[in-house]
Every structure is written in C-alpha cells, then in structure tokens.
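Fold and geometry: a report
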Amino acid sequence: MFSMINNLLYVKKTKTINLSKMPKILCINFLRSILLNISKERSVFYSEADFQHTLGLHLSKDKNCDVRLETPFEIPHFVKKLDKKLKVELDIFLPKEKVGIELKYKTKVGTFEEHGETFKLKQHGAQNLARFDFFDDIRRLQLLKKHKKIEKGYAVFLTNDPLYWEPIKRKNFSSNFSMEDKRVIKPNTNLGWIGNPREGSVTRKRLSPNNPILIENNQQLNWCQYSQIEKSIFKYLIVEIK
C-alpha cells in the first residue's frame, strides 16, 4: 500500500538525516522528519484514523519501533478530591521507548484527487471545541508522564483550516484556547473558558472539573506546512511533553 522507505530521510534537497544516527528516544525533529517523509506519499488523509495508522506504520518502518494503537491506561485523576481513576487511551504508544502520541485531524470541506484516489473531506467546524480538546490532549500526556507511564509525549494537530493557526479575530469565550502560530504559553498557565458557557455550547465533558486546563511547561506553538493539494494548505502543530 505504501512504498518502501530508504534508510535516509530527505529533509532538504541538499541535506539528509541518517536514521541510524538518530537518538534512541523519539525526538521532535525526528517526528517532523517522519511527517515530512509521509507528506511525499500522502498529501491528505481520509480521516483521523487513516492519519493514525499511516503514522504508526512509518514509525514502525523508519525507526523499527514496536507500535501500539489505542492503548488504554488508568491513572489517578488530576482532581484529587474526586478520588477516582482517569481513563486515557493513547492514539499511538511506543512501549519500548515509552513515548505517547495523541493526534487530531480537523478539515475544511473539499474534494481532492491524489494517486487515483478521491478524498472527500468533511467540514468539521466547531473550532472552539477542537482547540479545547487539543490542550486536553496535552494535559493527559502531562499526567501520563507524571505517573511514569511515558517518558515523552507528543500532541499532534494536522489541519487545512487556517482558523486554527491564525489569531482569533474577535474575542469570545474560547479565546484563551487560541492555537495561533508563535503563541507562547508560560509555565503553569491555566487555560479556561471566558465567562460561563452553557453545557449545550461546549458539552458537559468540557466543563468543570475538566475546565480549566493547566499547561505545566513553557510552550511555543510553531506551525509547519505539511502539504499543499490544489489550493488547500495543510499545516501541523506538535507540542512536546518531556
């Protein structure tokens, strides 16, 4: 289904990275290189599951990782007074490296042709909810690291919707969850809804005690172009938890 990948990743036309010299524990630059390599074969995906399986396949081939999909964990809840377990299911887990990866794939509507395949993308919309969910992925990865289930975590967001990487034009109840390019989030920042949105607006699972979300470490949100198919540009964001 996919073409075989050589031992060298072509990061630029004049520069290569030898995979045998890469560190044993997955690093953010290696993950970017994997995505660059995938983009040469796949500009677009049918769904988040398609993206998940493709990334898992390349991690297995390119880095010889054991890859697990949809791996469940139970850890203490971040709200101690609840005295219950929090169930977390990692999209991708590398058990030997103890690396966890959470993925999001959000699209604008469009139909694209590539390699004889037709990709009919959905209009996902609801950007305010997807932003919250991305930062919630970061929180879960922080907790998994705190409880020594992983050593590193990566939250990955891939989209062709510029509303994610552009500034929020009008301040609204979700402005604190902006994912705009180059945003800097300082350590121990609580991100929460502005005002008191109704359950019908954001759903119960995105309200207290799940709101606000604590971001423990300094983060800068740096978007990178993944691909362009026709006039649609796909970009990705990776946040590393280490």
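Residues numbered from 1 in each chain as written. Predicted model: local features only at pLDDT ≥ 70, side-chain atom pairs only at ≥ 80, totals over all residues. Heavy atoms only, no water.

1. Regarding the confidence of the model for the protein chain
Of the residues in the protein chain, 90% have a pLDDT of 70 or more, and the chain-wide mean is 89. Contacts of residues 1–23 to residues separated by more than four positions or lying in other chains number 39 contacts, the stretch itself having pLDDT below 50. (pLDDT = per-residue confidence, 0-100. Contact = heavy atoms within 4.5 Å.)

2. Here we look at the pairing of strand β13 (residues 223–229)
Remember that side chains alternate between the two faces of the sheet whenever the strand is regular. By the bridge criterion, six bridges tie β13 to strand β14 (residues 232–241) in an arrangement that is antiparallel. When the bridges of β14 are listed, Gln225 appears paired with Lys235. In this structure, the hairpin formed by β13 and β14 is closed by a connection of two residues, where Glu230 is found at a positive phi of approximately 55 degrees. (Pairing = 2+ DSSP bridges. Helix = DSSP H or I, 4+ residues; strand = E, 2+ residues; numbered from the N terminus.)

3. Overview of the sheet that holds strand β8 (residues 152–159)
Neighbouring strands of a sheet are bound in pairs by backbone hydrogen bonds; such pairs are parallel or else antiparallel. Spatially, the six strands line up as an open sheet ordered β3-β4-β5-β8-β14-β13, and their pairing is mixed. At either end of the open sheet lies a strand with only one pairing partner, and these are β3 (68–76) and β13. Each strand axis lies, on average, 35 degrees off the axis of its neighbour in the sheet, ignoring direction. Examined bridge by bridge, β8 and β14 share seven bridges and lie antiparallel to one another. Bridge pairing in β14 links Leu158 to Tyr236. The strands touched by helix α2 (residues 48–63) within the sheet are β3, β4 (85–94), β5 (99–106) and β8, with β5 carrying the most contacts at an inclination of about 145 degrees. (Axes fitted to C-alpha atoms, helices over the stretch in contact; angles between N-to-C directions.)

4. Some words on the packing of helix α1 (residues 28–39) against α2
A pair of packed helices can be characterised by two numbers: the angle between their axes and the separation between those axes. Between α1 and α2, the least distance of the axes is 10 Å, while the angle of their chain directions is 110 degrees. Taken together, the axes of α1 and α2 are roughly perpendicular relative to one another. Between α1 and α2 lies a crossing of right-handed hand. Facing α1, whose interface residues are Phe30, Leu31, Ile34, Leu35, Asn37 and Ile38, α2 presents Phe51, Thr54, Leu55, His58, Asp62 and Lys63. (Parallel < 35°, antiparallel > 145°, perpendicular 65-115°, else oblique. Left-handed = near helix turned anticlockwise from the far one by under 90°.)

5. As for the side chain of Arg206
When you line up the elements, Arg206 lands in the loop between α4 (199–202) and β11 (213–215). At 3.1 Å, the side chain of Arg206 and the backbone oxygen of Val202 are in polar contact. (Polar contact = N/O pair within 3.5 Å; in protein donor to acceptor, adjacent residues only side chain to side chain.)

6. Side note on the packing of aromatic side chains
All told, the structure shown has 17 aromatic pairs when counted by the stated rule. Judged by centre distance (5.8 Å) and plane angle (70 degrees), the ring pair of Phe134 and Phe135 falls under edge-to-face. Owing to a relative accessible area of 1%, Phe135 belongs among the buried residues under this scheme. Arg139 extends its terminal NZ or CZ atom over the ring of Phe78, reaching a point 4.2 Å from the ring centre. (Phe/Tyr/Trp six-rings, centres within 6.5 Å; stacked < 30°, edge-to-face > 60°. Buried < 20%, exposed > 50% of the residue type's maximum accessible area, 1.4 Å probe, protein only. Lys NZ or Arg CZ within 6 Å of the ring centre and 35° of its normal.)

7. Examining α1
Compared with the 16 Å implied by 1.5 Å per residue over twelve residues, the 17 Å span of α1 between its first and last C-alpha is a close match. When you tally the buried positions in α1, you get nine out of twelve residues, the bulk of the element. Within the span of α1, buried status applies to Ile28, Phe30, Leu31, Ser33, Ile34, Leu35, Asn37, Ile38 and Ser39. (Expected span 1.5 Å × (residues − 1).)

8. Digging into the pattern of salt bridges
A complete count under the given rule lists ten salt bridges for this structure. Note that Arg42 and Asp50 form a salt bridge whose closest N and O atoms lie 2.5 Å from each other. For the pair Arg42 and Asp50, one class covers both residues: buried. Residues Arg140 and Asp136 are paired through a salt bridge, measuring 2.8 Å at the closest nitrogen-oxygen approach. In this pair, Arg140 and Asp136 both sit in helix α3 (residues 127–146), four residues apart, roughly one turn of the helix. You can call Asp136 buried: its relative accessible area is 15%. (Salt bridge = Lys/Arg side-chain N within 4 Å of Asp/Glu carboxyl O.)

9. Digging into the nonpolar core
Counting residues in hydrophobic clusters, the biggest one holds 34 residues, and the most contacted among them are Phe134, Phe135, Ile138, Leu144, Phe157 and Met179. Residue assignment for this core shows that the elements contributing at least two residues are β3, β4, α3, β8, β11 and β14. Looking at this core, the element that brings in the most residues is α3, giving nine residues. In this structure, Leu144 is in contact with Phe73, Ile75, Val88, Leu90, Lys149 and Ile150, ignoring residues within four places of it in sequence. Judged by nonpolar contacts, the second largest core, of 31 residues, contains Ile28, Phe51, Leu103 and Tyr154. (Core = buried A, V, L, I, M, F, W, Y, C linked by side-chain atoms within 4.5 Å.)

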